[in-house]
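Summary of the model geometry
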Amino acid sequence: MTTTTPPRVPAGAPGTTAPAPANPRARRAARRRRLTACGVLMTPFFALLVTVFLIPVGTAVRLSFYSDDQPGLGFGPERTVFVGLRSYAAVLTDPTFLGGLGTVALYCLVYIPLLVLGALALALLLDSGAVRLRAFAQLGLFLPHAVPGIIAALIWLYLYTPGISPVIELFAKADLTIDFLGIHTVIPSIVNIALWSNLGYNTVVFYAALQAVPREVIEASVVDGAGPVRTALQVKTPLVRASIVMVAIFTLIWALQLFTEPMLLSQSSPMISSRFSPSMYIYDAAFTRNNYSLAAAASVVLLVCTIALSYRVTRFTSRAGNAEEAR
């Protein structure tokens, strides 16, 4: 009987795994090198996190517990005193702030579904090949996002203002009178501005995610007899769930900070007060009433609401995804 010796595979050949260092000291050195590399790569992120988030948040929390007081019927020297939760109580019992939260909640209920579903529908159309000249279509959709928010609001303010708007003039020729900044139309008008600015950008995000969907999966669904609509809704859409959740969370965060559009439109509409949204309330408290403690407390409340809602959206989508996978 003869025995054969298996060929020796070089240590660096493909498909082989390098053996772990047998020496504990070498293992510790390798681990230190990995940790050092991770630390170097994460340093810019943590530096930005501390600079642009943690320090401002800490400053706002500190300011919310203090207030400027002038003893002696207002004739004494101004001093900073600790007031505890007084500013938070003032914010949470202020009907204008609570009304601003309700306004933003209504805005989110209208804006976020329209943006997410509209951007996803446009991305599915682009990916299906139903739109010719897709590169030019993407550019046309993305261009409004390149316009600064203030400029976009000014453009739409011109189109919403009676007497100078060509749109209102066209409606008047058809015996239609529309007040785009009336009590029942001001929220849809603001939603329209936000959609015009952000719909194309999120369409591009969804379209990029759809390009990563394996083509063989789509071809298999077509072979199984699925039509274009069924393929889009039951094959492509579940595969880009992560992008949908990301867009929904980012859109929610930006929607809760509604400021630019109503601030500019308030110049032409009495329906938009100086405390129309929580962000406008904070601006009014800080720079009109010079009450920085109240503004800081409102900022912290808005931050807590944003974090809580973002967490709820993430949890809800995670549970929905797990339930679908369990079927």
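Above this note sits the structure.
What you see is a predicted model, and the numbers here were worked out from it, not measured in a lab. (Residues numbered from 1 in each chain as written. Predicted model: local features only at pLDDT ≥ 70, side-chain atom pairs only at ≥ 80, totals over all residues. Heavy atoms only, no water.)

A few points about the environment of Asn291
On the secondary structure map, Asn291 appears in the loop between helix 12 (278–287) and helix 13 (292–326). Under the relative-accessibility criterion, Asn291 is labelled partly exposed at 30%. In this structure the C-alpha to C-alpha distance between Asn291 and Ser67, which are 224 residues apart in sequence, comes to 7.9 Å. Here Asn291 is in contact with Ala285 and Ala286, once residues within four sequence places are set aside. (Helix = DSSP H or I, 4+ residues; strand = E, 2+ residues; numbered from the N terminus. Buried < 20%, exposed > 50% of the residue type's maximum accessible area, 1.4 Å probe, protein only. Contact = heavy atoms within 4.5 Å.)

Looking at the packing of helix 3 (residues 95–128) against helix 10 (residues 241–256)
How two helices sit against one another is set out by the angle between their axes and by the gap between those axes. Viewed as axis vectors pointing N to C, helix 3 and helix 10 meet at an angle of 145°, and their least axial separation amounts to 10 Å. Our pair here, helix 3 against helix 10, has a crossing hand that is right-handed. Facing helix 3, whose interface residues are Val104, Tyr107, Cys108, Tyr111, Ile112, Leu115, Val116 and Leu120, helix 10 presents Ile244, Val247, Ala248, Thr251, Leu252, Ala255 and Leu256. Grouping the amino acids of the contact of helix 3 with helix 10 by side-chain chemistry returns 14 nonpolar, one polar and no charged. (Axes fitted to C-alpha atoms, helices over the stretch in contact; angles between N-to-C directions. Left-handed = near helix turned anticlockwise from the far one by under 90°. Nonpolar A, V, L, I, M, F, W, Y, C, P; charged D, E, K, R; others polar.)

Describing the packing of aromatic side chains
Enumeration over the complete set of coordinates arrives at twelve aromatic pairs. Centroid distance Trp156 to Tyr160: 5.7 Å. Interplanar angle 40°. Geometry classified as tilted. With Trp156 and Tyr160 both in helix 5 (residues 149–160) and four residues apart, this pair spans about one turn of that helix. Judged by relative accessible area, Tyr160 falls into the buried class, the value being 3%. Here the guanidinium or amino end of Arg62 rests over the ring plane of Tyr66, the centre of that ring lying 5.2 Å away. Against the face of Tyr281 rests Arg289, its NZ or CZ located 5.2 Å from the ring centre. (Phe/Tyr/Trp six-rings, centres within 6.5 Å; stacked < 30°, edge-to-face > 60°. Lys NZ or Arg CZ within 6 Å of the ring centre and 35° of its normal.)

A closer look at the environment of Ala119
One can find Ala119 in helix 3. Separated by 76 residues in sequence, Ala119 and Leu195 have C-alpha atoms that sit 9.5 Å apart. Leave out the neighbours within four places in its chain, and Ala119 touches Leu114, Leu199, Asn202, Thr203 and Phe206.

Re the pattern of salt bridges
As a working rule, side chains carrying opposite charge can pair if their charged atoms are close by. Tallied over the entire structure, the rule returns four salt bridges. The residue Arg215 makes a salt bridge to Asp127 at a minimum N-O spacing of 3.9 Å. One end of the pair, Arg215, is in helix 8 (residues 215–223); the other, Asp127, is in helix 3, with 88 residues separating them in the sequence. Assessed through its relative accessible area of 36%, Arg215 is described here as partly exposed. Taking relative accessible area as the criterion, Asp127 reaches 8% and is therefore assigned buried. One salt bridge connects Asp284 with Arg289, and the closest N-O pair in it is separated by 3.0 Å. (Salt bridge = Lys/Arg side-chain N within 4 Å of Asp/Glu carboxyl O.)

Looking at a positive patch on the surface
Taken together, the side chains of Arg25, Arg27, Arg28, Arg31, Arg32, Arg33 and Arg34 define a basic patch exposed on the protein surface. Turning to its location among the elements, Arg27 is positioned in helix 1 (residues 24–64). Relative accessible area serves as the criterion here: at 41%, Arg27 is assigned to the partly exposed category. (Patch = residues over 30% accessible without salt bridge, like charges linked within 9 Å, V, L, I, M, F, W, Y side chains within 5 Å. Areas by Shrake-Rupley, 256 points an atom, 1.4 Å probe, with all protein chains shown as cover. Lys, Arg positive; Asp, Glu negative; His and termini not counted. Charge placed at Lys NZ, Arg CZ, Asp CG, Glu CD.)

Notes on unusual backbone geometry
Although it is not a glycine, Asp175 sits at a positive phi angle of roughly 60°. Relative to the elements of secondary structure, Asp175 occurs in the loop between helix 6 (166–173) and helix 7 (186–211). Its identity as a non-glycine residue notwithstanding, Asn290 has a phi of 55°, on the positive side. Position of Asn290 among the secondary structure elements: in the loop between helix 12 and helix 13. Classification of Asn290 by relative accessible area gives exposed; the value is 51%.

A short note on the packing of helix 5 against helix 7
Relative to each other, helix 5 and helix 7 sit at 135°, their axes nearing to 10 Å. Looking at the two axes, helix 5 sits oblique to helix 7. For the element pair helix 5 and helix 7, the recorded crossing hand is right-handed. Every residue of helix 7 that contacts helix 5 at Ala152, Ala153, Trp156 and Tyr160 is listed here: Ser189, Asn192, Ile193, Trp196 and Ser197. Among the residues making up the contact of helix 5 with helix 7, the classes are represented as six nonpolar, three polar and no charged. (Parallel < 35°, antiparallel > 145°, perpendicular 65-115°, else oblique.)

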